[in-house]
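Spelled out, the chains give:
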Amino acid sequence: MIKHISEIEALKFVKEQKHKNSWHDDFNKWRKHLIALANTWPELKKFYKGKGKWLGYFDGEKLVGVYWYNIQGDDIYDGFLISSKVGAGIKLGRYLKTLIWKTNWSCCSFKYINFNKRLGFTVYGKTKIEEDEVYLLWRQKRF
């Protein structure tokens, strides 16, 4: 089951995970990449506004995945996907298609490009934050 959850609930789940990388240690630090990348891709700056929303994926009563997104106008940005169960990430990513938006933006490292292609994303561009390569992804909704 997928439902909206609080940021507190989402970040408590993230903190409990053992497989997270340093990008996921601090959500507010992670979120600042939207400002850093706006120098290269100005279309991302607007997604730093507002708090965004959290989706949770539940296996019965147990939270097994979280996903943050922010809708601004006709566009959506998603990221900070953390799961402890195989398949939860794909289901959360596909759920976003049920929301109303025109263009969906996201970023990932090279390691997650194929995962995002399964969700319908294509690579829009590539840059670096510090020493990390970051790929900007996008998909458009067909009405």
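These notes cover the structure that comes with them. (Residues numbered from 1 in each chain as written. Predicted model: local features only at pLDDT ≥ 70, side-chain atom pairs only at ≥ 80, totals over all residues. Heavy atoms only, no water.)

## Re the sheet that holds strand β4 (residues 75–83)
As a reminder of what qualifies: At least two bridges found by DSSP between two strands is the condition for calling them paired. Numbered from the N terminus, helices here are DSSP runs of H or I no shorter than four residues, and strands are runs of E no shorter than two. Every axis corresponds to a line fitted to the C-alpha atoms, with the helix fit spanning only the stretch in contact, and the corresponding angles, defined between N-to-C directions, vary from 0 to 180 degrees. Residues count as neighbours in contact if any of their non-hydrogen atoms are within 4.5 Å of one another.
Reading across from one edge, β1-β2-β3-β4-β5-β7-β6 is the order of the 7 strands in this open sheet, with mixed pairing throughout. Two strands in the sheet have a free side with no partner beyond their single neighbour: β1 (2–5) and β6 (122–129). Strand-to-strand, the axes of this sheet are offset by a mean angle of 30°, without reference to chain direction. Pairing of strand β2 (residues 53–59) with strand β3 (residues 62–72) involves 7 bridges; the strand directions are antiparallel. Residue pairing across strands places L55 opposite Y67, the latter belonging to β3. Helix α1 (residues 7–16) contacts β1, β2, β3 and β4 of the sheet and is inclined by roughly 125° relative to β3. Against the sheet, helix α4 (residues 88–95) contacts β1, β2, β3, β4 and β7 (132–140), and its axis sits at roughly 135° relative to β2.

## A few points about a positive patch on the surface
Put simply, the test is: Patches draw on residues past 30% relative accessible area with no salt bridge. Two like charges within 9 Å are joined, as are two nonpolar side chains (Val, Leu, Ile, Met, Phe, Trp, Tyr) within 5 Å. Values of accessible area rely on a 1.4 Å probe in the Shrake-Rupley scheme; residue burial ignores everything except the protein chains shown. For salt bridges, the criterion is a side-chain nitrogen of Lys or Arg within 4 Å of an Asp or Glu carboxyl oxygen. Under the counting rule used here, the positive set is Lys and Arg, the negative set is Asp and Glu, and His together with the chain ends is not counted. Every charge is mapped to an atom, namely NZ of Lys, CZ of Arg, CG of Asp or CD of Glu. Here the term buried applies to any residue with accessible area under 20% of the maximum for its type, exposed to any over 50%, and partly exposed to those in between, with areas from a 1.4 Å probe on protein chains only.
Taken together, the side chains of R94, K97, R118 and R142 present a region of like positive charge at the surface. What makes R94 partly exposed here is its relative accessible area of 46%.

## Looking at the environment of F58
With respect to the secondary-structure elements, F58 resides in strand β2. The spatial distance from the C-alpha of F58 to the C-alpha of I71 is 23 Å, given a sequence separation of 13 residues. With sequence-adjacent residues up to four places away left out, F58 is seen in contact with M1, K3, I5, E9, L63 and V64.

## Some words on the pattern of salt bridges
By the definition in use, this model includes 5 salt bridges. Note that E7 and K51 form a salt bridge whose closest N and O atoms lie 3.9 Å from each other. Of the two residues, E7 is situated in helix α1 and K51 in the loop between α3 (33–38) and β2; the sequence distance between them amounts to 44 residues. With a closest N to O distance of 3.6 Å, E133 and K126 form a salt bridge. E133 gets classed as partly exposed once you look at its relative accessible area, which sits at 35%.

## Brief notes about the nonpolar core
Applied cut-off: The nonpolar core is taken to be a set of buried Ala, Val, Leu, Ile, Met, Phe, Trp, Tyr and Cys residues, with the residues joined through side-chain atoms within 4.5 Å.
Counting 24 residues, the largest nonpolar core has L44, W54, V66, W68, Y77 and F80 as its most contacted members. Of all the secondary-structure elements, those providing two or more residues to this core are α1, α2 (27–31), α3, β2, β3, β4, β5 (103–108) and β7.

## Concerning the pairing of β4
Note the threshold: With strands facing away from the observer, any crossover in which the path from the first strand over the helix to the second runs clockwise is taken as right-handed.
Burial of β4 is extensive: 7 of the 9 residues sit out of reach of the surface. Pairing geometry for β3 and β4, over 7 bridges, is antiparallel. In the strand pairing of β4, V66 is matched with I82. In sequence, β3 turns back onto β4 through a hairpin of 2 residues, with G73 there showing a positive phi of about 65°. In the sheet, β4 pairs with β5 via 4 bridges, with the strands oriented parallel. Residue pairing for β5: D78 is matched across the bridge by S106. Following the backbone out of β4, through α4 and into the adjacent parallel β5, one traces a crossover that is right-handed.

## Observations concerning unusual backbone geometry
Negative phi characterises most residues that are not glycine, and trans characterises most peptide bonds. If you check the backbone angles, F80 has positive phi at about 55° while not being a glycine. As for its placement among the helices and strands, F80 is situated in strand β4. Among the residues examined, F80 registers a relative accessible area of 3% and is labelled buried. In this structure, E130 takes a positive phi of about 55° despite not being glycine. Mapped onto the elements, E130 comes out in the loop between β6 and β7. Residue E130 is classed as exposed on the basis of its relative accessible area of 70%.

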